[in-house]
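Here is what each chain is made of, one letter per residue.
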Amino acid sequence: MSTYNFGNGPANFGDPGRTQIDHAHPDLPTMMDLAQRLTDTLRAEYPELVPQGEIIQAQFQESAEDGLPPNRGRIRSALETIAIAASAGTGSLAFTQQLITALGL
């Protein structure tokens, strides 16, 4: 079981299947790490979807650089593309669902 403690301590990144997320205070560094893990998983499971993972990472990186919120529209679009193509039970879909939940999309 994974527990993501946004703003309440270190994150424990074990099995991506179960997550507890504080929706009110998502931590940008943790979200960036989750996006990186999604992209890494896509490389292994769905190489053709890696550009979608990179879009998500780029939006979080841009947010870190300019201090503004990430572009939720671009992130949502990329996550929807992954969710449509990823099979049930894959790490790619689990990370996608975690990001959707954390961002309240």
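Coordinates for the structure precede this section.
Note that residues are indexed from 1 along each chain, following the sequence as it is written. Selection of residues for local features in this predicted model requires a pLDDT of at least 70, selection of side-chain atom pairs for listing and counting requires 80 or more, and totals for whole chains, interfaces and linings are taken over all residues. Computation of side-chain values covers all heavy atoms of the structure but excludes hydrogens and water.

Caption draft 1: Representation of the nonpolar core. As used here, the term nonpolar core means buried Ala, Val, Leu, Ile, Met, Phe, Trp, Tyr and Cys residues forming a set that is joined through side-chain atoms within 4.5 Å. Each residue gets one of three labels from its accessible area relative to the maximum for its type: buried under 20%, exposed over 50%, partly exposed in between, using a 1.4 Å probe on protein chains only. Membership of the largest hydrophobic core comes to 20 residues, with the highest contact counts inside it found for Leu38, Leu42, Ile56, Phe60 and Leu99. Segments assigned H or I by DSSP are reported as helices when at least four residues long, segments assigned E as strands when at least two residues long, and all are numbered from the N terminus. Listing elements by their share of this core, those giving two or more residues are helix 1 (28–45), helix 2 (50–66), helix 3 (72–85) and helix 4 (91–103). Not counting residues within four places of it along the chain, the set of residues in contact with phenylalanine 60 comprises Leu28, Met31, Met32, Ala35, Pro70, Ile75, Leu99 and Leu103. Any two residues whose heavy atoms approach within 4.5 Å at even a single point are treated as in contact.

Caption draft 2: Quick peek at the packing of helix 1 against helix 4. Following both chains from N to C, one finds helix 1 and helix 4 inclined at 155°, their axes separated by 8 Å at the closest point. What the angle tells us is that helix 1 and helix 4 run roughly antiparallel. The crossing of helix 1 and helix 4 is left-handed. Here helix 1 contributes Met31, Leu34, Ala35, Arg37, Leu38, Thr41, Leu42 and Glu45 to the contact with helix 4, which in turn contributes Gly91, Ser92, Phe95, Thr96, Gln98, Leu99, Ala102 and Leu103. All axes here are fitted lines through C-alpha atoms, helices being fitted over the stretch that makes contact, and every angle between N-to-C directions spans 0 to 180 degrees. Note on terminology: angles under 35 degrees are roughly parallel, angles over 145 are roughly antiparallel, angles of 65 to 115 are roughly perpendicular, and the others are oblique. Crossing handedness: left-handed means the near helix sits turned counterclockwise from the far one by under a right angle, and right-handed means the same turn made clockwise.

Caption draft 3: Highlighting the packing of helix 2 against helix 3. Between helix 2 and helix 3, whose axes approach to 9 Å, the crossing angle comes to 155°. Accordingly, the angle class assigned to the pair helix 2 and helix 3 is roughly antiparallel. Two packed elements cross with a definite hand, and for helix 2 against helix 3 that hand is left-handed. Only Arg74, Ile75, Ala78, Leu79, Thr81 and Ile82 of helix 3 make contact with helix 2, whose side of the interface consists of Gln52, Gly53, Ile55, Ile56, Gln59 and Phe60. The classification used treats Ala, Val, Leu, Ile, Met, Phe, Trp, Tyr, Cys and Pro as nonpolar, Asp, Glu, Lys and Arg as charged, and all other residues, Gly among them, as polar. When its residues are assigned to classes, the contact of helix 2 with helix 3 shows seven nonpolar, four polar and one charged.

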